[in-house]
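Listed below, chain by chain, are the residues.
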Amino acid sequence: MEVLGRRDILNIDRALGLYRVLDEDGNPVAGEPSLPDKLLLDMYTYMVRARILDGWLLKLQRMGRVALHAPNKGQEAAAVGATLALKREDWLFPSYRELGALLVRGMTEEEILDRALTTIDDPLKGSDFAIYGHRKYNIVPAPVPVANQIPHAVGAALAAKIMGDKIVTMTFFGDGSTSRGDFHTGLNFAGVFKAPVVFVNQNNQWAISVPLKRQTASPTIAIKGVAYGVPGIRVDGNDVIAVYTVAMEAVERARSGEGPTLIEAVTYRLGPHTTADDPTRYRVEEEVREWERKEPLRRMRRYLISRGLLTEEEDKALWSEWEKRIEETVVKVLEKPPLPPEVVLEDVYEEPPWNLREQMRELRDSIRLLKELGVELE
Amino acid sequence: MPVMNMVQALNQALREEMARDPRVVVLGEDVGRRGGVFLVTEGLIDEFGEMRVIDTPLTEMGIIGVAIGMALYGLRPVAEIQFIDFVYEAFDQIVSNMAKIRYRSGGMYSVPMVLRSPCCGGIRGGMHHSQSPEAYFMHTAGLITVMPSTPYDAKGLLKASIRSNDPVIFLEPKSVYRTIKEEVPDRDYTVPLGKARLVREGSDVTIVTWGAMVYQSLEAAKLVEERHGWSVEVIDLRTLFPFDRDAIVESLEKTERLVIVHEAPKTVGPGAEIAAYIAENHIELLRGPIARVTGFDTPFPLAHEKLYMPNIARIYMALKKVMQY
Ligand SMILES: Cc1ncc(C[n+]2csc(CCOP(=O)(O)OP(=O)(O)O)c2C)c(N)n1
Ligand SMILES: [Mg+2]
């Protein structure tokens, strides 16, 4: 039988297997990874920051100050590990569950909180919830309809190729998102045009209440890349070193003109889907307990301590330092004034056409009248 | 008679229709174990099983395309789009197929399905959990578009929609889901498609509205009555297309003034069609210009949504303009 295709590139074993560097308890599975100590400590610090910030966003939502939050807990390694492989000039097309990726790109906790609380400094001017981004970090804010960003990452990568820029784009999306047309058309284009893009699938096992087996009959998500001529690599998404390692390989492939890669980071959403969700309706507690044992921070902490790169005391100090810094930022941001109402009518076009100019008058008149009537709307 | 909110009334409508007619199936994202994100399909999977209450992969195009195929073959699918803001992936299937198969097949095939979905703003849902895209559907020949504003109407209209032989877009104003409660009969009844409801009688000016804006309009009506003594009639359109032109004309014969209130943006919005219909056919009834109070011509914002949506002040301003013309 004749075998079509390049088996070597579309290595099916890597799409069906699971790459890891550390086991669930933080012991190296095959030799010591040879990464600089500082990088290993940075990985852990970014994950700690993401975890603390995630907790605050949850708390602020319960206080009624944030409209909605999609908890990241348990998925920090995939976001941090993958984005650490990017260079500053590379572009990121995130989804709504990658606080760690935002921090790695240089976004500050204050910028993230301004966004979430739609303060006067909200860089996205109150447009939507649970999405983050900023031009100065080459992070394009996610659309809430899932998977929409996937073809955008392909298009931007293709544009860079056409314009002769040696940059790479990376996009994040969930397991449920792979059922949408955007995912399939994105992979197909990327394969055909060898776009310098890295697809990072955060397979957290659930799309709200729908388990992975209801999304796909494929044995893995990574294997879907193979059918589009895009190498798929399945990796332990709770092993930050493993994620970083495969992301580096994918980024380098893309940058050297060899085309796209689909990375499936196998992980688990430990919290609810969003602050509006109640996971007890659809999943059992034992499953969550089991994945708590495999969560990425515990694993990395144990590894760093066993390598002598971190002591218990230093770990405590790291946590309390960031807890303090982030709490101070929260207090500061909570005191900022809200966005002015006029933002509602801004940024629809470069210049507002006549209808929006008229509606600006209507808005202002209505605000005056509401005051006169003594009516509080929000 | 039991008192219910809209979620409970819709749930009962689905339950009764599924029990009455084995061809009725429910499909969508999270409609099974989760019971839908707003719990409209809660418990159905226990009663009717996984073959009739189907948790689908996450693709609106797939949900609607597959539901169309089911309807062609003989089922009566009720497909849930989790939020109407996510329907756009399915537009090709809706516009090119759901709406056109009857015509394309010379009447041999039809697509008796319901696309039901939470719509509209008022719950701090931001840009992609708040939209009112009814105009797209009203503009598409072959579709019936419905939006109830009360639990009673929700149950009766959903049952009528499931029994319709034409495809129905059934939009549920989510801000009303749990805020309005009323007596809803435990028994089978329908509310006819194409018929408006007179919500409040008045003699000076008519407000035509639907969905959650019924309640804003009632508040504004009360305000101008107190302040100016103007008597406002409020009509809840319920079926947006084909809309109940007779109900509007009958009211205008009395009031001679028209204000249209909807959450959808103004430009080429649903109100434009109603205004054009009256201007083309009944200009003689009107004493002055028609006014529209609508969502602004922008994406739906997260910040200041209550200022973006028609509110008591903006409806008041329009009533004043029309009354003092
Ligand atoms: C097109 C679209 N349909 C439905 C939704 C509602 N929704 C939000 S998140 C979600 C599940 C997404 O699952 P997955 O892609 O696995 O990402 P995760 O939330 O698990 O990170 C759904 C159905 C949406 N945002 N967009
Ligand atoms: Mg998921």
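## Details of the overall build of chain B
Link 1 in the chain: When helices and strands are tallied, chain B shows 12 helices and 14 strands.
Link 2 in the chain: Expected size for 325 residues packed as a compact globule is a radius of gyration near 20 Å; at 19 Å, chain B falls within 12% of this value.
Link 3 in the chain: C-alpha atoms of chain B, sized along the principal axes, occupy 60 × 45 × 40 Å.
Link 4 in the chain: A total of 325 residues make up chain B; the buried ones form 64% of that total.
Link 5 in the chain: For chain B, contacts bridging at least 24 residues in sequence account for 82% of all contacts bridging at least 6.
Link 6 in the chain: Working note: accessible area of chain B is about 11700 Å², and carbon and sulfur atoms make up 53% of it.
Link 7 in the chain: When the 35 basic and 41 acidic side-chain charges of chain B are each reduced to a single mean position, those positions are 2 Å apart.

## Structural notes on the domain arrangement of chain A
Link 1 in the chain: Domains assigned within chain A are domain 1 (7-334) and domain 2 (341-372).
Link 2 in the chain: Its C-alpha centre places domain 1 of chain A at a distance of 38 Å from the equivalent point of domain 2 of chain A.

## Examining the interface of chain A and chain B
Link 1 in the chain: If you look at the interface, chain A gives 51 residues, while chain B gives 47 residues.
Link 2 in the chain: Contact between chain A and chain B buries roughly 4000 Å² in total, counting both sides, with carbon and sulfur atoms accounting for 61%.
Link 3 in the chain: Joining chain A to chain B, the criterion identifies 7 salt bridges.
Link 4 in the chain: The tally of links from chain A across to chain B stands at 17 residue pairs in polar contact (both at pLDDT 80 or more).
Link 5 in the chain: By residue class, the composition of the side of chain A that touches chain B is 25 nonpolar, 13 polar and 13 charged.

## With respect to the coordination of the magnesium ion (ligand 2)
Residue and element names in this part refer to chain A.
Link 1 in the chain: Distances from the magnesium ion (ligand 2) to its protein donors, Asp175 (OD), Asn204 (OD1) and Trp206 (O), fall within 2.0 to 2.1 Å.
Link 2 in the chain: The sequence pattern describing where the donors of the magnesium ion (ligand 2) fall on their chain is D-x28-N-x1-W. Each member of the pair, asparagine 204 together with tryptophan 206, is buried.

## Side note on the site of ligand 1
Link 1 in the chain: In the neighbourhood of ligand 1, 20 residues make up the surrounding shell, with A:Tyr96, A:Arg97, A:Asp175, A:Ser177 and B:Glu60 lying closest.
Link 2 in the chain: Residues close to ligand 1 are split across chains A and B.
Link 3 in the chain: Contact between ligand 1 and A:Ser177: an oxygen atom at 2.6 Å from a side-chain N or O atom of the residue.
Link 4 in the chain: Contact with the protein chains hides 96% of the accessible area of ligand 1, taken as 570 Å² for the molecule alone.
Link 5 in the chain: Looking at the shell around ligand 1 residue by residue, the class counts come to 9 nonpolar, 6 polar and 5 charged.

## Notes on the packing of helix α14 (residues 354-373) of chain A against helix α12 (residues 312-323) of chain B
Link 1 in the chain: Where α14(A) contacts α12(B), the axes come no closer than 8 Å and their chain directions differ by 105°. Comparing the axis directions of α14(A) and α12(B) gives the class roughly perpendicular. Residues A:Glu362, A:Asp365, A:Ser366, A:Leu369, A:Leu370 and A:Leu373 of α14(A) touch α12(B), and the partners they reach there are B:Ile312, B:Ala313, B:Arg314, B:Tyr316 and B:Met317.
Link 2 in the chain: Counted by class, the contact of α14(A) with α12(B) contains 7 nonpolar, 1 polar and 3 charged residues.

## Considering the packing of aromatic side chains
Link 1 in the chain: By the definition in use, this model includes 16 aromatic pairs over all chains.
Link 2 in the chain: Aromatic side chains A:Phe189 and A:Phe193 sit 5.7 Å apart centroid to centroid with 40° between the ring planes, which places their arrangement in the tilted category. Here A:Phe189 pairs with A:Phe193, and both are found in helix α7 (residues 181-193), just 4 residues apart, close to one helical turn.
Link 3 in the chain: One aromatic cluster is present, formed by B:Phe38, B:Phe83, B:Phe86 and B:Tyr177 through successive ring pairs.
Link 4 in the chain: The ring centre of A:Trp291 lies 4.0 Å from the NZ or CZ of A:Lys294, which sits over that ring.
Link 5 in the chain: For the cation-ring pair, A:Arg325 lies above A:Trp322, with the distance from its terminal atom to the ring centre recorded as 4.0 Å.

## Looking at the side chain of B:Arg116
All names here are of chain B.
Link 1 in the chain: Relative to the elements of secondary structure, arginine 116 occurs in strand β5 (residues 114-119).
Link 2 in the chain: At 2.6 Å, the side chain of arginine 116 and the side chain of glutamate 172 are in polar contact.
Link 3 in the chain: In contact with arginine 116, other than residues within four places in its own chain, are Val40, Thr41, Val78, Ala79, Glu80, Ile81, Leu158, Phe170, Glu172 and Tyr177.

## Overview of the sheet that holds strand β1 (residues 91-93) of chain A
Residue and element names in this part refer to chain A.
Link 1 in the chain: Sheet architecture is open: 5 strands sit in the order β1-β2-β3-β7-β6, paired in parallel fashion. The outermost strands of the open sheet, each flanked by one partner alone, are β1 and β6 (232-236). For this sheet, the mean angle separating the axes of adjacent strands, direction not counted, is 20°.
Link 2 in the chain: Of the pairings in the sheet, the one linking strand β3 (residues 197-203) to strand β7 (residues 261-266) comprises 6 bridges and is parallel in character. Bridging across to β7, glutamine 202 finds its partner in alanine 265.
Link 3 in the chain: Sheet contacts for helix α3 (residues 76-83): β1, β2 (169-174), β3 and β7; angle to β2, the most-contacted strand, approximately 170°.

## Some remarks on the domain arrangement of chain B
Residues and elements named next belong to chain B.
Link 1 in the chain: Under the domain assignment, chain B is made up of domain 1 (3-183) and domain 2 (197-323).
Link 2 in the chain: Here the C-alpha centre of domain 2 lies 26 Å away from the C-alpha centre of domain 1.
Link 3 in the chain: With 27 residues of domain 1 at the interface, the matching set in domain 2 holds 25 residues.
Link 4 in the chain: Taking both partners together, domain 1 and domain 2 bury about 2000 Å²; carbon and sulfur atoms supply 61% of that area.
Link 5 in the chain: Taken as a group, Met138, Met147 and Ser149 account for 26% of the area that domain 1 buries against domain 2, more than any other trio of residues on that side.
Link 6 in the chain: On inspection of domain 1 and its partner domain 2, the count reaches 2 salt bridges.
Link 7 in the chain: Where domain 1 packs against domain 2, one counts 14 residue pairs in polar contact (both at pLDDT 80 or more).
Link 8 in the chain: Residue composition of the side of domain 1 that touches domain 2, grouped by class: 14 nonpolar, 10 polar and 3 charged.

## Structural notes on the environment of B:Val184
Residues and elements named next belong to chain B.
Link 1 in the chain: Relative to the elements of secondary structure, valine 184 occurs in the loop between β8 (181-183) and β9 (197-200).
Link 2 in the chain: Looking at valine 184, the relative accessible area reads 0%, which means it is buried.
Link 3 in the chain: Sequence separation between valine 184 and glycine 202 is 18 residues, and the spatial gap between their C-alpha atoms is 26 Å.
Link 4 in the chain: In contact with valine 184, not counting residues within four places along its chain, are Met1, Pro2, Met4, Ala9, Pro151, Tyr152, Lys155 and Tyr189.

## Thoughts on the nonpolar core
Link 1 in the chain: Counting residues in hydrophobic clusters, the biggest one holds 123 residues, and the most contacted among them are B:Ile64, B:Ile94, B:Met98 and B:Val259.
Link 2 in the chain: The residues contacting B:Val259, other than those within four sequence positions of it, are B:Val205, B:Thr206, B:Ile207, B:Val208, B:Ala291, B:Val293, B:Ala318, B:Leu319 and B:Val322.
Link 3 in the chain: Counting residues in hydrophobic clusters, the runner-up holds 70 residues, among them A:Leu84, A:Leu86, A:Ala254 and A:Ala265.

## What about the packing of helix α2 (residues 37-62) of chain A against helix α5 (residues 109-116) of chain A?
Relative orientation and spacing of two packed helices are given, respectively, by the angle between their axes and the distance between those axes.
Residues and elements named next belong to chain A.
Link 1 in the chain: Running from N to C, α2 and α5 cross one another at 25°; their axes reach a closest spacing of 12 Å. It follows from the interaxial angle that α2 and α5 lie roughly parallel. Handedness of the α2/α5 crossing: right-handed. For the pair α2 and α5, contact is made by Arg49, Leu53, Leu57 and Leu60 and by Glu109, Ile112, Leu113 and Ala116, respectively.
Link 2 in the chain: Of the residues assigned to the contact of α2 with α5, the class counts are 6 nonpolar, no polar and 2 charged.

## Overview of the environment of A:Glu264
All names here are of chain A.
Link 1 in the chain: For glutamate 264, the position within the fold is in strand β7.
Link 2 in the chain: Counting along the chain gives 134 residues from glutamate 264 to alanine 130, while the straight-line C-alpha distance between them is 23 Å.
Link 3 in the chain: When sequence neighbours within four positions are dropped, the list of residues in contact with glutamate 264 reads Asn201, Asn203, Thr220, Ile221, Ala222, Ile233, Arg234 and Val235.
Link 4 in the chain: Of note is the side chain of glutamate 264, whose polar atom sits 2.7 Å from the backbone nitrogen of alanine 222.
Link 5 in the chain: In terms of polar contacts, glutamate 264 uses its side chain to reach the side chain of arginine 234, at 3.4 Å.

Rules used in this analysis
Residues numbered from 1 in each chain as written. Chains lettered and ligands numbered in written order. Predicted model: local features only at pLDDT ≥ 70, side-chain atom pairs only at ≥ 80, totals over all residues. Heavy atoms only, no water. Helix = DSSP H or I, 4+ residues; strand = E, 2+ residues; numbered from the N terminus. Rg over C-alpha atoms; globule rule 2.2 N^0.38 Å. Buried < 20%, exposed > 50% of the residue type's maximum accessible area, 1.4 Å probe, protein only. Contact = heavy atoms within 4.5 Å. Areas by Shrake-Rupley, 256 points an atom, 1.4 Å probe, with all protein chains shown as cover. Lys, Arg positive; Asp, Glu negative; His and termini not counted. Charge placed at Lys NZ, Arg CZ, Asp CG, Glu CD. Domains from an automatic or database assignment. Buried area = accessible area lost by both parts, 1.4 Å probe. Salt bridge = Lys/Arg side-chain N within 4 Å of Asp/Glu carboxyl O. Polar contact = N/O pair within 3.5 Å; in protein donor to acceptor, adjacent residues only side chain to side chain. Nonpolar A, V, L, I, M, F, W, Y, C, P; charged D, E, K, R; others polar. Donors = N, O, S within 2.8 Å, 3.2 Å for Na, K, Ca; no water. Near = heavy atom within 4 Å. Axes fitted to C-alpha atoms, helices over the stretch in contact; angles between N-to-C directions. Parallel < 35°, antiparallel > 145°, perpendicular 65-115°, else oblique. Phe/Tyr/Trp six-rings, centres within 6.5 Å; stacked < 30°, edge-to-face > 60°. Lys NZ or Arg CZ within 6 Å of the ring centre and 35° of its normal. Pairing = 2+ DSSP bridges. Core = buried A, V, L, I, M, F, W, Y, C linked by side-chain atoms within 4.5 Å. Left-handed = near helix turned anticlockwise from the far one by under 90°.

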